[in-house]
Structure formats: C-alpha cells, structure tokens
Amino acid sequence: AQKVTQAQTEISVVEKEDVTLDCVYETRDTTYYLFWYKQPPSGELVFLIRRNSFDEQNEISGRYSWNFQKSTSSFNFTITASQVVDSAVYFCALSEEGGADGLTFGKGTHLIIQP
Amino acid sequence: GAVVSQHPSRVICKSGTSVKIECRSLDFQATTMFWYRQFPKQSLMLMATSNEGSKATYEQGVEKDKFLINHASLTLSTLTVTSAHPEDSSFYICSAGGRGYGYTFGSGTRLTVV
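Notes on the structure follow. Each residue is numbered by its place in its chain's sequence as written, counting from 1. In the order they appear in the text, chains get letters beginning with A and ligands get numbers beginning with 1. Only residues with pLDDT of 70 or above have their local features reported here, since the model is predicted, and side-chain atom pairs are shown and tallied only from 80 upward, although totals for entire chains, interfaces and linings are computed over all residues. To obtain the side-chain values, all non-hydrogen atoms of the structure were included, while hydrogens and water were left out.

## Quick notes on the overall build of chain A
Our working definition: Each helix corresponds to a stretch of at least 4 residues labelled H or I by DSSP, and each strand to a stretch of at least 2 residues labelled E; elements are numbered beginning at the N terminus. Note on method: radius of gyration uses C-alpha positions; expected globular size equals 2.2 Å times residues raised to 0.38. Any pair of residues with heavy atoms lying within 4.5 Å of one another is described as a contacting pair. Here the Shrake-Rupley method, with its probe set to 1.4 Å, supplies the accessible areas, and only the displayed protein chains count as covering residues.
A count of helices and strands for chain A gives 0 helices and 12 strands. Here the C-alpha atoms of chain A give a radius of gyration of 14 Å, agreeing with the 13 Å that 2.2 N^0.38 yields for 115 residues. Projected onto the principal axes, the alpha-carbon positions of chain A cover approximately 45 × 30 × 20 Å. Here the analysis covers contacts within chain A between residues at least 6 apart in sequence; of these, 56% occur between residues at least 24 apart. For chain A, the exposed surface amounts to about 5,600 Å²; the carbon and sulfur share of it is 48%.

Structure representation (structure tokens):
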C-alpha cells in the first residue's frame, strides 16, 4: 500500500531564512507520481509540482526547489529566502500507476514564516 | 489552464438534512473526478472516485449510502451528504484529472452541521 510521511508537523522560521520540508514515501510500484501542494488558510489547494518516478532530475522554480531521491524514497521541498506569503500548509502526495487514480496525501507541514 | 468550480464554498445545515455539493470542470471534459474530505488540521483523504456515466468507486470505510455521488455529464459531478450529522462537518474538495497529466482542484466546501 502506498504511504506518504511528512514528519514535520510544524516549522517556524524567520523571514528570509531557507527552509526544507521533508517528504518520504512508500510504494511497491515502479511507476508512480509525486506532487506538492500548498494550502493557504482559505483552503484551496495550489499545485506546485508533479514528478514521475523516472525523472529524478531536481527542479528549481524561482525560490522553490525540489530534491527527488529514489534511493531514499524522498521528495523534499526547499524554499529559499522565505517570505511571509509562503506561510501555509504544504502537502506531499503520491499516486501509484497500479492503484486508484486519486492521490494519497501526507499529513502536511504547517509552515509559519515570521516577519 | 484547467479550472474546476466548486459550489457552495460554505454551507451550514441542520442535522438530519441533506446537502449537495457541485463540482464543475469549466473548460475541459472530466471523465473522472475525485472527492476528498479534510477534517480540521488533518490531511486530505480520498473518499471516492466518480466516473462519468457509471457508479462511483468508494474508498474503504466511506459509506456509499451516506455520500451519494453522481457524475451525469462530462463537466459535472455532485456529492450529496444525506442525513447529515455534526460528525460530517468537514472540508470537502473535489478534483479532476489524473496522475498522468495532473490534478485540478476545486476551491472546496466547508460544511458545518448543527
């Protein structure tokens, strides 16, 4: 069965600090997809990234970067020079090729950026 | 980009009544939609997968008679919470798409049963 673990329940940093959100996943499939979503207090889910299991290239998008390592089953997310607007709950999620097409979410990490 | 419209955004209902939540794909056809539930300060849990023109597939532990899902067209899926009780109070959110090309989420519905 698939599982996503976000061990950090809450992280609080001061603005401009870099912060890394950890995500560890479990799956038996060789083909799967990993996602990160941002959920601000309003509740909607904001898509950040999607990565399939065959693409281990790290990705950078502005202040955001992702480190995908199949050897450790991790897909970590780093925010560089954090800003107050980055405050939200961040979810890592997984979908297995051989399973239902929906997403299995981690429990989320509440990120607080203090001014 | 793809947009999924979800209504209502908030609803308060009395215990024992039913509530219908709509999820529409605005600029694309969605053969499959997904319904999730999120309790306060918790993660999102997949409730069911809705397929156009066929019965929904429910996840283990989700009562199909309580959470009625209808996907009568390629752009509309509805979730009806029947005989709602306070423990059904939650944030319900739909999404369309698939793992191969990504998921688009609605804005969610906050249901409060009093």
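## Let's talk about the sheet that holds strand S8 (residues 76-81) of chain B
Residues and elements named next belong to chain B. Where we set the bar: At least two DSSP bridges between two strands are needed for those strands to be called paired. Think of each axis as a best-fit line through the C-alpha atoms, taken over the contacting stretch in the case of a helix, with angles from 0 to 180 degrees between the N-to-C directions.
Sheet architecture is open: 4 strands sit in the order S1-S3-S8-S7, paired in antiparallel fashion. Strands with a single pairing partner mark the edges of an open sheet, and in this sheet they are strand S1 (4-7) and strand S7 (67-73). Pairwise comparison of adjacent strand axes, ignoring direction, gives a mean angle of 15 degrees for this sheet. Across 6 bridges, the pairing between strand S3 (residues 19-25) and S8 is antiparallel. Considered in S8, the bridge of valine 19 is made with valine 81.

## Re the state of the cysteines
Going by this rule: The criterion for a disulfide is a pair of cysteine sulfur atoms lying within 2.5 Å. Relative accessibility decides the category of a residue: with a 1.4 Å probe and only protein chains considered, values under 20% of the type maximum give buried, values over 50% give exposed, and everything between is partly exposed.
Evaluation of the coordinates by the stated rule reveals 2 disulfides over all chains. Bridging cysteine 23 of chain A to cysteine 92 of chain A, the disulfide has an S-S length of 2.0 Å. In this structure, the disulfide formed by cysteine 23 of chain A and cysteine 92 of chain A twists by about -65 degrees around the S-S bond and is classed as left-handed. A residue pair is termed long-range when its members are at least 10 positions apart, and cysteine 23 of chain A in the loop between strand S3 (19-21) and strand S4 (24-26) and cysteine 92 of chain A in strand S10 (residues 88-96) qualify at 69 residues. Its relative accessible area of 0% is what places cysteine 92 of chain A among the buried residues. Sulfur-sulfur distance for the disulfide between cysteine 23 of chain B and cysteine 94 of chain B comes to 1.9 Å.

## Some remarks on the interface of chain B and chain A
The cut-off we apply is this: Whenever a carboxyl oxygen of Asp or Glu lies within 4 Å of a side-chain nitrogen of Lys or Arg, that contact is scored as a salt bridge. Just so you know the grouping, Ala, Val, Leu, Ile, Met, Phe, Trp, Tyr, Cys and Pro go in nonpolar, Asp, Glu, Lys and Arg go in charged, and all remaining residues, Gly too, go in polar.
Counting residues at the interface gives 20 residues for chain B, matched by 22 residues for chain A. Counting every contact that joins chain B to chain A gives 0 salt bridges. Among the elements that line the side of chain B that touches chain A, the one with the most residues is strand S9 (residues 90-98) of chain B, at 4 residues. A class-by-class count of the residues in the side of chain B that touches chain A yields 9 nonpolar, 8 polar and 3 charged.

## Describing the pattern of salt bridges
For side chains of opposite charge, pairing can occur when their charged atoms come near one another. Residues and elements named next belong to chain A. What the rule picks out here adds up to 5 salt bridges over all chains. A salt bridge links aspartate 55 to arginine 51; the nearest nitrogen and oxygen atoms lie 3.5 Å apart. Exposure remark for arginine 51: the relative accessible area of 4% places this residue in the buried category. Notably, a salt bridge pairs glutamate 59 with arginine 51, separated by 2.4 Å at the nearest N-O pair. Several salt bridges converge on common partners, so that one network encompasses Arg51, Asp55 and Glu59.

Remember that the coordinates give geometry; whether it matters functionally is a separate question.
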